[in-house]
Amino acid sequence: MVQDIDTLRSPVQFSTSAEDIQQAVESAINKSNAVIERVVSEQAPTFKNTIELLAKNNNEFRTEFEVARDMRTDVYKVVRAVYDNKDEMSQLDEEDRLLVERLEHKLRANGAQLTAEQRTQVERVNKRLVELELEFIYNVDHATNHVMLSRAELDGLPASFFENRRSEFRGLTKKFIVLAQAAEATAVLKHATNEATRKTVYVAQSSHCPKNIALLQEAVHLRLEKAQLFGFATYADYVLNQRMAKTPAAVMELEESLSAKLRPLAEKEMAELCALKRTEVEAAGAVYDGFYEWDYIRYSSQAMANQHRVDMDEIKEYFALDSVLSKVLSLYTTTLGLKVIEASSVLPVWHPSVKTFEVWEADDSAFVGHIYLDLYEREDKYQDIAVWPLRSAVVGEDGTRMTPASAMLASFSEPTETTPVLLTHINVKYLVHALGHAFQNLCSKAKWSQLTAPRDFAEISSQMFVQWVWEPKSLRTLASHYQTGATMSDELIERLVASRNTSGAIRELRQVFRGIYDMDIHRITKPGTIDVVAHYNELSERVALANYGGAHVFKAATFSHIMQGYDCGYYSFMWASVISADMFSARFSGQDSDAEAGAAFRSEILQPGGACDPSASVERFLGRAPSN
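From a predicted model like this one, the values you see are computed outputs, not experimental measurements.

**Section: the environment of Met252**
With respect to the element layout, Met252 can be found in helix 12 (residues 248-283). The spacing of Met252 and Asp384 is 132 residues in sequence and 28 Å in space, taken between C-alpha atoms. Apart from residues no more than four positions distant in its own chain, Met252 is found in contact with Ser257, Ile516, Met519 and Arg523.

Here it is, written out as structure tokens:
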């Protein structure tokens, strides 16, 4: 039974008006200013009267106030005084000492030690970057690209594709509206027999948000300007010195090593896909003229069906959203020693379709936090699967720990009267990955919100548990037919697992390409020396075996990660993938039980988060250095 909400820490509220939010922000800024004035007046700065006050008062606003606050020389002066006090620093515990070091670095990295003229330049750059990044993401989220296609042009699409689909008559021909977004575009690219249709949809999907080209180009130049104001040769050098990777050279060594190993395998896979298309085209009496990007999904799906007799449409029938969600939550909670209780009728939400859960210790000894799941598409809603921490498990101003809350957003189609939402296997993977971030926030025991895990470390937990979607034992739990309830057969599981590497080298090589592209545009030393669209297209053709057939596309304009916190960070997916595979193999596929491995993972990786050295955390969990 759900415990009375009054006995829990206050849940996140969503009923406030825009005016209430404005007043709350202004009140928080005024409060922060008062704390800062108190701190900078200290004649004998200590951890207690300076660092702790700043940390407890931390307000994570992406506003002009935040930019200006973190550049104040008087704040840096008192923080630096504590940082330089070796006697006091030696007496602090690891987390508090790391907090001082992070605050000192943050203020220094934001320009607090620069000249007044340089600080003015940095402040200008930072403010503009915030504007560019927000506008870029807004454009992606609000893109409305679509194409109009007839039933004949959509030959090969299943009947379910046309259910409730909007249409218009153009002359005497009925045309269906197909959104150039992931789910609908993927369905067309997989099933449409007409190559011209596939090309039309692919180009529409790969050429929206043209305004973002200039935004990205300007952001790249401003990031370089900022880095060089701090004495770094490139923006990549500036960012990576605080990551696990440390240097661009280390990132490129990993990416180039993976590229060299994947390339011959990917070329072999591409030759097989080309042969599939040639056979189909020539059987229809047409002339084969090459293999293009709009062909990849169709023929890689055929390869999977041919090699392993795996039809992903059949696989979907075992992954009804509600069923999978319940089972994934169960896998996480069982592994991590937790339990979840649905609380959708108790907690306030921002939309009626949002599901909510309370998370408790498995033995009911403590309340852990809340999870919010906003799963279905709505107009103007964020399109991808992602997680945001609504509240972190940090110590509040009164000295008590706040209970964390995580929100996962997705844009799945609504279920129909006859069919629930059926997930592709890849969407099950994305769901597991996203919930990994949610539980990372819930399980953190860091005292200070400033001690967030570095980007390349934060991806490890989510990447590791993605292994579940390929483990026979986990698939027996996750997969049950939406009509009969029957568990996926061992024979079908075996074929699905065997299909993991079908076109796998191509997929991984494309991840490597994106990591290299991110590094390339942020390793320039002079502005105007790289064209973000031309380099994306050229590099993808050279590294990832892409072929655009001369079509005018600019996928760089929707590469949201590098304008949403993953700038100089896209490599972290491959970086974390290598480390997490090692961790899963060593502890979850080894002699330990899942409960033992889960307890160790929670204590060594999730609970400390960024509150200790990430490399040391990984080594403690493994009992050795990680291996690739």
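More follows now that the structure is in view.
**Some details on the pattern of salt bridges**
For the coordinates displayed, the defined rule picks out 38 salt bridges. Here Asp96 makes a salt bridge to Lys447, at a shortest N to O gap of 2.9 Å. Placement of Asp96 in helix 6 (residues 94-109) and of Lys447 in the loop between helix 16 (425-443) and helix 17 (455-465) is noted, with a sequence separation of 351 residues between them. A residue is classified by how much of its surface remains accessible, and Asp96, at 9% relative accessible area, is buried. The network of salt bridges with common partners includes Arg80, Asp84, Glu104 and Arg108.

**A closer look at the pairing of strand 1 (residues 146-150)**
Counting buried residues along strand 1, four of its five residues qualify, which places the element largely inside the surrounding structure. In terms of strand pairing, strand 1 meets strand 3 (residues 173-179) through five bridges, oriented antiparallel. Bridge pairing links Ser150 to Lys175 in strand 3.

**Remarks on the sheet that holds strand 5 (residues 355-361)**
The strand order across the open sheet built from five strands is 4-5-6-8-7, with neighbouring strands paired in mixed fashion. The outermost strands of the open sheet, each flanked by one partner alone, are strand 4 (338-342) and strand 7 (386-391). Taken over all neighbouring pairs, the strand axes of this sheet differ in orientation by 25° on average, direction set aside. Note: strand 4 against strand 5, five bridges, orientation antiparallel. Counted as the bridge partner of Lys339 is Trp360 from strand 5.

**Description of the packing of aromatic side chains**
Scanning all chains against the criterion turns up 28 aromatic pairs. Arranged with centres 5.8 Å apart and planes meeting at 75°, the rings of Phe465 and Phe588 form a pair that is edge-to-face. In this pair, Phe465 is assigned in helix 17 and Phe588 in helix 22 (residues 571-588), connecting sequence segments 123 residues apart. Taken as a pair, Phe465 and Phe588 share a single burial class, namely buried. One aromatic cluster is present, formed by Tyr332, Phe439, Phe465, Trp468, Phe584, Phe588, Phe601 and Phe621 through successive ring pairs. The residue whose ring lies beneath Arg298 is Tyr299, and the NZ or CZ to ring-centre distance is 5.8 Å. Here the basic side chain of Arg510 rests over the ring of Tyr296, its NZ or CZ set 4.9 Å away from the ring centre.

**Side note on the sheet that holds strand 1**
Spatially, 1-3-2 is the arrangement adopted by the three strands of the open sheet, whose pairing is antiparallel. The open sheet is flanked by strand 1 and strand 2 (167-170), the only strands paired with a single partner. The sheet shows a mean angle of 40° between the axes of neighbouring strands, taken without regard to direction. Looking at chain direction, strand 2 and strand 3 are connected through four bridges and run antiparallel. If you follow Phe169 over to strand 3, its bridge partner there is Lys174.

**Re a nonpolar patch on the surface**
Taken together, the side chains of Trp350, Trp388 and Leu390 define a hydrophobic patch exposed on the protein surface, amounting to about 250 Å² of accessible area. Tracing the backbone through its elements, the reader meets Trp388 in strand 7.

**Details of unusual backbone geometry**
Its identity is not glycine, yet Cys209 carries a phi of approximately 60°, on the positive side. Assignment of secondary structure puts Cys209 in the loop between helix 9 (195-205) and helix 10 (211-229). Positioned with a positive phi, Cys568 is a non-glycine residue whose angle comes to about 55°. Mapped onto the elements, Cys568 comes out in the loop between helix 21 (532-543) and helix 22. Look at Cys568 and you get buried, because its relative accessible area is 0%.

**Remarks on the nonpolar core**
Judged by nonpolar contacts, the single largest core of 147 residues is most densely connected at Phe319, Leu435, Tyr517, Met583 and Phe601. In terms of residue count, helix 12 provides more of this core than any other element does, 10 residues in total. Once residues within four sequence positions are removed from consideration, Tyr517 is found in contact with Leu216, Val532, His535, Tyr536, Leu539, Ala556, Phe559 and Ile562. Counting residues in each nonpolar core, the second largest holds 24 residues, with Phe47, Val78, Val79 and Leu99 among its members.

What counts and how
Residues numbered from 1 in each chain as written. Predicted model: local features only at pLDDT ≥ 70, side-chain atom pairs only at ≥ 80, totals over all residues. Heavy atoms only, no water. Helix = DSSP H or I, 4+ residues; strand = E, 2+ residues; numbered from the N terminus. Contact = heavy atoms within 4.5 Å. Salt bridge = Lys/Arg side-chain N within 4 Å of Asp/Glu carboxyl O. Buried < 20%, exposed > 50% of the residue type's maximum accessible area, 1.4 Å probe, protein only. Pairing = 2+ DSSP bridges. Axes fitted to C-alpha atoms, helices over the stretch in contact; angles between N-to-C directions. Phe/Tyr/Trp six-rings, centres within 6.5 Å; stacked < 30°, edge-to-face > 60°. Lys NZ or Arg CZ within 6 Å of the ring centre and 35° of its normal. Patch = residues over 30% accessible without salt bridge, like charges linked within 9 Å, V, L, I, M, F, W, Y side chains within 5 Å. Areas by Shrake-Rupley, 256 points an atom, 1.4 Å probe, with all protein chains shown as cover. Core = buried A, V, L, I, M, F, W, Y, C linked by side-chain atoms within 4.5 Å.

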